[in-house]
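One-letter residues, chain by chain:
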Amino acid sequence: MILFRCFAWNPGAGAAEPDGPLWFARPYQGDGRHDNPEVYGCLYSADRPLSPVVEQLARFRGTALHPSLLSRRGLTLALAELELDNDARLLDLDDPVVLRREGLRPSRVATRDRAVTQPQARRLYDTHENAVGLRWWSVHEASWLNVTLFDRASAELSIRSVHPLAITDSVVAAAAEFCGLAGA
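Read on for a plain summary of the structure. Here the structure is a predicted model, which means the values were calculated and not measured. Going along each chain's sequence as written, the residues are numbered from 1 onward. Thresholds applied to this predicted model are a pLDDT of at least 70 for local features of residues and 80 or more for the giving and counting of side-chain atom pairs; totals over whole chains, interfaces and linings are not thresholded and use all residues. Side-chain descriptors were evaluated using all non-hydrogen atoms of the structure, hydrogens and water having been removed beforehand.

## Considerations on the overall build of the protein chain
Looking only at helices and strands, one finds five helices and eight strands in the protein chain. Secondary structure elements follow DSSP: runs of H or I no shorter than four residues count as helices, runs of E no shorter than two count as strands, and numbering proceeds from the N terminus. Counting from the amino terminus, the protein chain carries its helices and strands in the arrangement β-β-α-β-β-β-α-α-α-β-β-β-α. In this setup the radius of gyration rests on C-alpha atoms only. A globule is expected at 2.2 Å times the number of residues raised to 0.38. Relative to the 2.2 N^0.38 estimate, which gives 16 Å for 184 residues, the radius of gyration of the protein chain is 16 Å and therefore close to what a compact globule would have. Principal-axis analysis of the C-alpha atoms places the extent of the protein chain at approximately 45 × 35 × 30 Å. Residue exposure (1.4 Å probe, protein chains only): buried if accessible area is under 20% of the type maximum, exposed if over 50%, otherwise partly exposed. Within the protein chain, buried positions represent 48% of all 184 residues. Contacts in the protein chain between residues at least 24 apart in sequence constitute 69% of all its contacts with a sequence separation of at least 6. Note on areas: Shrake-Rupley with a 1.4 Å probe; residue coverage comes only from the protein chains shown. Looking at the protein chain as shown, the accessible area adds up to about 8700 Å², and 50% of this sits on carbon and sulfur atoms. We call two residues in contact whenever any of their non-hydrogen atoms come within 4.5 Å of each other.

So this is what it looks like as structure tokens:
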């Protein structure tokens, strides 16, 4: 399975080192949808490049597209194309059978209330030891599928490519337009 991740990149870092494409950034986690950094680290990824770039730019709605929007902690945002082994098991929170079996409702999976989503993720992590992550829909566009990978997925992940983002990139332009950034 091919996945895309947008992250603050240090080109000198090793793949799984801090600010590398396969780094599970526990020190910066705690506010994300499925974060439980005291138990596991997460990589947030998606089935298409546009989704993670929109996730990074959505907070800037109503502002002008500027190169500074593509920087975090002094590092340039990059788009990584990752490959997850086809045998890796994901819990599909877009599947009604899975939702029913797990006692979840779509409205409770899609909520922005982290007091709801983080305990859900923790319970699923604890009760499905062979699952490496969760598949769910983007809150920005329901047809975009996001994948939250737990750090136990690290052995099943590889890097296909990493590309530093610039405002001239077509995926950045598309994300800026989607988010309504001025100048897009």
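## Quick look at the layout of surface pockets
Every definition here rests on a 1 Å grid over the protein atoms only: cavities are sets of points where a 1.4 Å probe fits but cannot get out, pockets are open sets enclosed by protein on both sides within 12 Å along at least five of seven lines, and lining residues have some atom within 4 Å of a point. Grid points are joined across faces, edges and corners, and a volume is the space filled by probe spheres set on the points. There is about 1100 Å³ of room inside the largest pocket. Looking at the largest pocket, it is lined by 36 residues, and the ones nearest its centre are C6, G32, Y44, Q56 and R59. For the lining of the largest pocket, the secondary-structure elements that each account for two or more residues are β1 (2–9), β2 (42–46), α1 (50–57) and β7 (145–150). Ranked by residue count, the leading element in the lining of the largest pocket is β2, at five residues. Residues are grouped as follows: Ala, Val, Leu, Ile, Met, Phe, Trp, Tyr, Cys and Pro are nonpolar; Asp, Glu, Lys and Arg are charged; every other residue, Gly included, is polar. For the lining of the largest pocket, a count of residues per class yields 16 nonpolar, nine polar and 11 charged.

## As for the packing of α1 against helix α5 (residues 170–179)
Two quantities define a packed helix pair, namely the angle between the helix axes and the distance between the axes. Inter-axis angles, ranging from 0 to 180 degrees, are taken between N-to-C directions of lines fitted to C-alpha atoms, where helices are fitted over the stretch in contact. Packing of α1 against α5 leaves a shortest axis separation of 9 Å and a crossing angle of 55°. One element, α1, and the other, α5, form an angle in the oblique class. Between α1 and α5 lies a crossing of right-handed hand. Facing α1, whose interface residues are L50, V53, V54 and L57, α5 presents V171, V172, A174, A175, A176, F178 and C179. Small angles under 35 degrees read as roughly parallel and large ones over 145 as roughly antiparallel, with 65 to 115 read as roughly perpendicular and the rest as oblique. Crossing chirality is assigned from the near helix's rotation relative to the far helix, an anticlockwise turn below a right angle marking it left-handed and a clockwise turn marking it right-handed.

## Here we look at the environment of R5
When you line up the elements, R5 lands in strand β1. Classification of R5 as buried rests on a relative accessible area of 9%. Taking C-alpha positions, R5 is 14 Å from S154, a pair spaced 149 residues apart along the chain. If sequence neighbours within four positions are ignored, R5 has contacts with G20, P21, L22, W23, L43, Y44, P52, A78, L79, A80 and L82.

## Structural notes on α1
With six of eight residues buried, α1 is to be regarded as a mostly interior element. By the burial criterion, the buried members of α1 are S51, P52, V53, V54, Q56 and L57. For α1, the secondary structure elements touched by its buried residues are β1, β2, β3 (71–72), β4 (75–84), β7 and α5.

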